[in-house]
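Below, each chain spelled out in residue letters.
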Amino acid sequence: MTEDTVRRAPADLGIVDSLAQLSFLVQAELGKVAAEQGLSVIQLRLLGVLRDREPGMQELARHLGLDKSSMTGLVDRAERRGLVRRTRAPHDGRSVRVSLTDEGREVARRLTEDAGRRVGALAAHLTDARRALLSSVASELVDGHTGL
């Protein structure tokens, strides 16, 4: 076998370093995706959360890990760009729900598509079985630690 056909096993970085390094790789790709749309990563995350729900401001703040004033500023900026709208909750006139506008839905679709391509490319060198295993393990980790 030649050097090109033999792939060396990577050194095991350990759970902390390997997950941290993977996080850095994913965040770098998401940063590129967001920047190409003139957005920050937190704005990308906002649109991602809103793809399939219309949460109240408090719920949205919990999803994004932001305090009330930061959440308000984030939604204000997205609203000025025409990406989101606020509406009064039908059951509580004091409560505000946040949803995507048609333009926001289209931007979110493009972001999702591009992020899928870029983040997926990080695992392109893995076999189908290893990608499936990574997906399964990552899903299990996320499921065990989020309320999303």
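Coordinates for the structure precede this section.
In this report, we go over the structure that sits alongside the text. Computed from a predicted model, the values in this text were never measured in an experiment. (Residues numbered from 1 in each chain as written. Predicted model: local features only at pLDDT ≥ 70, side-chain atom pairs only at ≥ 80, totals over all residues. Heavy atoms only, no water.)

Some points on the pattern of salt bridges
Consideration 1: Evaluated as defined, the whole model comprises 13 salt bridges.
Consideration 2: The shortest N-O distance in the salt bridge between arginine 117 and glutamate 113 comes to 4.0 Å. Of this pair, arginine 117 and glutamate 113 both sit in helix H5 (residues 102–122), 4 residues apart, roughly one helical turn.
Consideration 3: Classification of arginine 117 by relative accessible area gives exposed; the value is 52%.
Consideration 4: When its relative accessible area of 44% is taken as the criterion, glutamate 113 is described as partly exposed.
Consideration 5: Between aspartate 128 and arginine 131 there is a salt bridge; the shortest N-O distance is 2.2 Å. Linking aspartate 128 with arginine 131, this pair stays in helix H6 (residues 128–143), spanning 3 residues, or about one helical turn.
Consideration 6: Accessibility expressed as a relative area gives 58% for aspartate 128, which makes it exposed.
Consideration 7: Connected through salt bridges with shared partners, the residues Glu29, Lys32, Glu36, Glu106, Arg109, Arg110, Glu113, Asp114, Arg117 and Arg118 form a single ionic network. (Salt bridge = Lys/Arg side-chain N within 4 Å of Asp/Glu carboxyl O. Helix = DSSP H or I, 4+ residues; strand = E, 2+ residues; numbered from the N terminus. Buried < 20%, exposed > 50% of the residue type's maximum accessible area, 1.4 Å probe, protein only.)

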